[in-house]
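# Inside the fold
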Amino acid sequence: MIFHCLQHVLTRQNYSRFIPKTNNSCLKMKTPKFETELKHFIPPIQAALSLSPGALGQSANADVFPSFVPRMRAFNTELRIMQSKAKPKKISFFAVPSTVAQRDTLSNKAKPISEDVGELHFLAKQEAKGDLRKDSRVQDLNNVINRIFASRKGSSGPNSRRRRLRLRLRTFSVVCLTEDCGILEWVPNTESLRSVITETYNPQFPPNSVHRRGSRITNFSDNELRGAFLKCQDVYLKRGDLDLATKKFDELILKQYLPVMYWWFIQNFASPHSWFEARTNFTLSNAVWSAVGHIIGLGDRHSENLLVDTSSGECVHVDFDCIFDKGLLLPRPEVIPFRLTPNMLDAFGPTGADGMYTGALTESMRTLRKNRDTLLSVLEPFLNDPVINFKSKSQQKSKKDNDANDAKKAMDSIAKIEGRLEGEYNLINPNKNTAKKNKDPQSMMDSTHFTKLSVEGQVQKMIMEATSHENLVQVYVGWMPWI
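Residues numbered from 1 in each chain as written. Predicted model: local features only at pLDDT ≥ 70, side-chain atom pairs only at ≥ 80, totals over all residues. Heavy atoms only, no water.

### Considering the environment of glutamate 277
By the secondary structure assignment, glutamate 277 is in helix 9 (residues 272–296). Exposure remark for glutamate 277: the relative accessible area of 25% places this residue in the partly exposed category. Spatially, the C-alpha atom of glutamate 277 lies 7.9 Å from that of glycine 313, the residues being 36 residues apart in sequence. In contact with glutamate 277, not counting residues within four places along its chain, are Arg166 and Ser312. (Helix = DSSP H or I, 4+ residues; strand = E, 2+ residues; numbered from the N terminus. Buried < 20%, exposed > 50% of the residue type's maximum accessible area, 1.4 Å probe, protein only. Contact = heavy atoms within 4.5 Å.)

Below you can see the structure in the form of structure tokens.
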């Protein structure tokens, strides 16, 4: 019923589609009255979507939802308009403990009361091109992976390395109300990777130094920065000289816009213990996301789709529309397996990718490969799922495409995932056609491994491709590969 309630509020009243004519970021929301009180509704958060069937018949009230999940009391009438391109809306509920919700009388006023445990926040979003149902399905997969990481299957016991590393994916609920809109659970205390770097500075440089502030690195409106990167990229795409393009990328970009994220942890976590824990969380969470992202072909990993929990350092990924190697179909193909850019390596510490990150990535890949059959059983339903789009925009307009071709592409995607779970590095760079056209021998060499590698060999190959300057210079400028 809560989904029907939210659908009524968000879609019937057109809040998800509403775009204000002014720059005012807040407006008052008129909430309708319902026959059933809100206290009987379970909020659509990740914890509430995990039922406990074994609890049926054991509890007097037959409540199969976890007792620690709060109940809704009232809508907060203030609706916040986010400033991104799609103008999503942030909505909030006042929540009370489940024990308080059982009272006969409970205030439904849209303001805080003493019994409240706080507010629950959600994002009401309408997709212009993507499909939130993909996000929902990927979250289901991530929950299965978390159960695999938490289980003892494939581990050497309670003290195994996998359990000591506390490997997991940070997930959130995605509830689809219609084909083009839905609500996403708000992940608290998070900022985008780009925002984190923007607010950071390197105190070792003097105040007037160009290398001191991270805001200089993330300033996409800087014509000089964008122009320098596009100049480097054109050397390869128009002239076919990858070696020269890489050299210019290193000289004009990487050496002029130095990473600063190492200092973010020092500036935001005062005690040595909290600093070490935050940096460890950032490293481990990135390793797990790298493994899972490569397996399912997750693309569009620009700096706004990676969030950082400012209270713990943990990394959270959002926007899962670009899956099954769809990133290779973009106008500027995303030719890297996952994001592992200079600022991320800087945040890992002096060892970069060679220390804890490699160990966690190896353990993640080993676990996923040992549970290959389970993962494939979850992924194979994508084959017959109409929401998964395997075609690029140009292919969508072509009349020659038919159901048989779509099925073949779906089978190819599953075959690639199966190969990766067996140790293959089968991400093919479509830019090699440009290299052949320009007859660049270095670029004509296919660096793709189809040999089944060991876990350690596969991990080293993935890291090498993700950090390769030859690959980073080829991606879209808005991806900002230098940060």
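So, next bit.
### A look at the side chain of asparagine 431
Examined against the element boundaries, asparagine 431 turns out to sit in the loop between helix 14 (403–420) and helix 15 (432–437). Beyond its immediate chain neighbours, meaning those up to four positions away, asparagine 431 contacts Tyr236, Leu237, Pro333, Val335 and Gln474.

### Some details on the nonpolar core
In this structure, Met261, Tyr357, Leu361 and Trp482 are the most contacted members of the largest nonpolar core, which totals 94 residues. When residues of this core are assigned to their parent elements, the largest contribution, 10 residues, is made by helix 9. Apart from residues no more than four positions distant in its own chain, tyrosine 357 is found in contact with Thr283, Asn286, Ala287, Ser290, Phe338, Leu340, Phe348, Gly352 and Ile463. Counting 15 residues, the second largest nonpolar core, distinct from the first, contains Met29, Phe41, Met72 and Phe75. (Core = buried A, V, L, I, M, F, W, Y, C linked by side-chain atoms within 4.5 Å.)

### Quick notes on the packing of aromatic side chains
To describe a pair of aromatic rings, you give the distance between the ring centres and the angle between the ring planes. Scanning all chains against the criterion turns up 12 aromatic pairs. A ring pair is formed by phenylalanine 265 and phenylalanine 269, whose centres lie 6.3 Å apart and whose planes are at 20°; its orientation type is stacked. Put simply, the rings of Trp264, Phe265, Phe269, Phe282, Phe348 and Tyr357 pair up and form one aromatic cluster. The ring of tryptophan 186 carries lysine 90 above its face, with NZ or CZ at 4.2 Å from the centroid. (Phe/Tyr/Trp six-rings, centres within 6.5 Å; stacked < 30°, edge-to-face > 60°. Lys NZ or Arg CZ within 6 Å of the ring centre and 35° of its normal.)

### Points about the side chain of lysine 90
Mapping lysine 90 onto the fold places it in strand 3 (residues 89–96). The charged side chain of lysine 90 is buried without a salt bridge, its nearest counter-charge being glutamate 119 at 8.1 Å. When near neighbours in sequence (up to four residues on either side) are disregarded, lysine 90 contacts Glu78, Leu79, Arg80, Met82, His121, Phe122, Leu123 and Trp186. (Lys, Arg positive; Asp, Glu negative; His and termini not counted. Salt bridge = Lys/Arg side-chain N within 4 Å of Asp/Glu carboxyl O.)

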